[in-house]
Amino acid sequence: HPGDFTVTYPPAVGSPRQAPGARDALVFAQPRQSHLRYAATLANLPTDSSFSYTVRLGPAVVRQAVARTRSTPGKPVRVALLGDMASGKPGQQRVIHQVALARPDAVVMLGDIVYKSGRASEYTQHFWHTYANPGEPSPTAGAALMATVPFHAVLGNHDAYVGRLSSHDDAPAAFYFFSAPTNGPSEGPWSTQLPRNDLGARL
């Protein structure tokens, strides 16, 4: 939705703060689609703890949740490792519902996040409604685990499918939606195969 988003949260010390949402537009020609991407930085959060936050669109509350901050070195953490996550099959809802019940501190996405070409349209079709916006958690709906713990992206071959870039400029969308690593091998079968042109530089 277009508008002015803010995130209200308690920092480590002092009164609650508001973090404005930075907005930019993602417009793709093939196929024609447009998205608004919002990002907010929550500074000065305490480690080893939980905090509540509220997301507002103007005066309307659109999300309230309790999230966990990172652990300090030496503290035990529980991490869920998931791959081949979103293809529109009902198994993905069952899996993330069970993962949410285990209460992980973070999720590492091991690649092939969406099928079959890592496109923005495939995130819309297969990903967000399972992991970010399912409503009440259940084996048939999924779980909004992205609202409470960080998701870290590792790219698979379906996430950086250069062969699709000539016909689908909304791929590879993992670079638009996550802080995906860009320091992998520069050569060989496991390299991130981005095109050597303006689009590759933008990604």
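Sequence order sets the numbering: in each chain, residues are counted from 1 along the sequence as written. Per-residue local features of the predicted model are confined to residues with pLDDT of at least 70, and side-chain atom pairs are confined, for both listing and counting, to 80 or more; whole-chain, interface and lining totals are unaffected and use all residues. Calculated side-chain values reflect all of the structure's heavy atoms, with hydrogen atoms and water omitted.

**Some details on the overall build of the protein**
Put simply, the test is: Here a helix means four or more residues in a row that DSSP labels H or I, a strand means two or more in a row labelled E, and each is numbered from the N terminus. Each residue is assigned to one of three classes by its accessible area relative to the maximum for its type, calculated with a 1.4 Å probe on protein chains only: buried under 20%, partly exposed between the two thresholds, exposed over 50%. Contacts are residue-level and defined by heavy atoms, with any inter-residue pair within 4.5 Å sufficient.
Helix and strand counts for the protein come out as 4 helices and 9 strands. Taken from N to C terminus, the helices and strands of the protein fall in the order β-β-β-β-β-β-β-α-β-α-β-α-α. Residues classed as buried in the protein amount to 38% of the 203 residues present. Restricting the contact set of the protein to residue pairs at least 6 apart, pairs at least 24 apart contribute 64%.

**Describing the layout of surface pockets**
Note the cut-off: Only protein atoms enter the 1 Å grid used here. Points where a 1.4 Å probe fits but cannot escape make up a cavity, open sets with protein on both sides within 12 Å along at least five of seven lines make up a pocket, and a residue lines them when an atom lies within 4 Å of a point. Grid points are joined across faces, edges and corners, and a volume is the space filled by probe spheres set on the points.
In this structure, the largest pocket encloses a volume near 2,300 Å³. As for the largest pocket, its lining consists of 49 residues, of which Y38, A39, A40, M146 and F177 are closest to the centre. When contributions to the lining of the largest pocket are tallied by element, the ones reaching two or more residues are β1 (5-9), β3 (22-28), β4 (33-39), β5 (50-57), β6 (60-68), α2 (120-131), β9 (151-153) and α3 (174-177). Considering each element in turn, the lining of the largest pocket owes the most residues, 5 residues, to β4.

**Thoughts on the confidence of the model for the protein**
What counts, and what does not: A residue's pLDDT is the predictor's confidence in that residue, given on a scale from 0 to 100.
The share of residues in the protein with pLDDT of 70 or more is 84%, and the mean pLDDT across the chain is 86. Helix α4 (residues 198-202) is the least confidently modelled element of the protein, averaging 61 in pLDDT, while helix α1 (residues 91-101) averages 97, the highest of any element.

**Here we look at the environment of S121**
Within the secondary structure, S121 is located in helix α2. What S121 contacts, discounting residues up to four positions off in sequence, is Q33 and D170.

**Quick look at unusual backbone geometry**
The omega torsion of the bond from Y115 to K116 falls at 10°, within 30 degrees of zero and hence cis. Looking at the element boundaries, K116 is found in the loop between β8 (106-109) and α2. Look at R103: it is not a glycine, yet its phi comes out positive at around 55°. R103 gets classed as exposed once you look at its relative accessible area, which sits at 56%. One non-glycine residue, D112, lies in the positive phi region at around 50°. Topologically, D112 is positioned in the loop between β8 and α2.

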